[in-house]
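Examination of the molecular architecture
Residues per chain are reported as follows:
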Amino acid sequence: MTKTPDMTKMVQDMMASFPVDNAAFQNAFKTQAAMAEKLSKVALEAAEKSNEISSKWAKDTLAKVSGVTSAKADAADYTKAATEFASAASEMAAENMAAFAEVAKKVQMETVELMLAAGKDLSEETTAAVKKATADVQTAAKKATAATK
């Protein structure tokens, strides 16, 4: 009665009875890192393509503006140049917005594919982990039962 029980030893024994598979944590981290890498690749490709579209749009707009800014002999020519620029700018806007929509559509499709693949992998890993955990618990229960006899 005067001797204090060793709680550290008791806790260590209890924790040893419930084995933890560190490989499961490592695999989960590796899976998450791979998923993040794939999603980052999709995002970077989309950003690169969007930048190309924006750059081309700006260059084309600047090329069209030069027609508006040049000196004209007649005042009506300024109106004509402005109208042509507005028409060309409207066309360029429609084309470039369609290009941006294609980029967004591609990103969406690739993201959905990655998520579906990740869901399938996660389901398979979860099933395997649950089976292993069940087997480990049954083994630990058998050991505990045998130790009490």
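The sections below set out a description of the structure shown in this document. Predicted model, so just to flag it, every value in this text is computed and none were measured. (Residues numbered from 1 in each chain as written. Predicted model: local features only at pLDDT ≥ 70, side-chain atom pairs only at ≥ 80, totals over all residues. Heavy atoms only, no water.)

1. A look at the overall build of the protein chain
- Each helix and strand in the protein chain was counted, giving 3 helices and 0 strands.
- In terms of C-alpha radius of gyration, the protein chain reaches 33 Å, well past the compact-globule figure of 15 Å for 149 residues.
- Burial analysis of the protein chain (149 residues in total) assigns 7% to the buried set.
- The contacts in the protein chain between residues at least 6 apart in sequence include a share of 79% that link residues at least 24 apart.
- Summed over all atoms, the accessible surface of the protein chain reaches about 11800 Å², with 64% contributed by carbon and sulfur.
- Counting 19 positive and 20 negative side-chain charges, the protein chain places the centres of these two groups 11 Å from one another. (Helix = DSSP H or I, 4+ residues; strand = E, 2+ residues; numbered from the N terminus. Rg over C-alpha atoms; globule rule 2.2 N^0.38 Å. Buried < 20%, exposed > 50% of the residue type's maximum accessible area, 1.4 Å probe, protein only. Contact = heavy atoms within 4.5 Å. Areas by Shrake-Rupley, 256 points an atom, 1.4 Å probe, with all protein chains shown as cover. Lys, Arg positive; Asp, Glu negative; His and termini not counted. Charge placed at Lys NZ, Arg CZ, Asp CG, Glu CD.)

2. Some thoughts on a nonpolar patch on the surface
- On the surface, V11, M14, M15 and F18 cluster together into a nonpolar patch covering about 420 Å² of accessible area.
- Structurally, the position occupied by V11 is in helix α1 (residues 7-17).
- The class of V11 is partly exposed, set by a relative accessible area of 43%. (Patch = residues over 30% accessible without salt bridge, like charges linked within 9 Å, V, L, I, M, F, W, Y side chains within 5 Å. Salt bridge = Lys/Arg side-chain N within 4 Å of Asp/Glu carboxyl O.)

3. Re the environment of T31
- Examined against the element boundaries, T31 turns out to sit in helix α2 (residues 22-69).
- Once the C-alpha coordinates of T31 and A118 are considered, the two residues, 87 residues apart in sequence, prove to be 8.5 Å apart.

4. A short note on the pattern of salt bridges
- The tally for this structure, following the rule as stated, stands at 2 salt bridges.
- Across the pair D60 and K56 runs a salt bridge whose closest N-O atoms are separated by 2.9 Å. With D60 and K56 both in helix α2, this residue pair falls 4 residues apart, about one helical turn.
- Its relative accessible area of 26% is what places D60 among the partly exposed residues.
- Between K106 and E110 there is a salt bridge, with the nearest N and O atoms lying 3.8 Å from each other.

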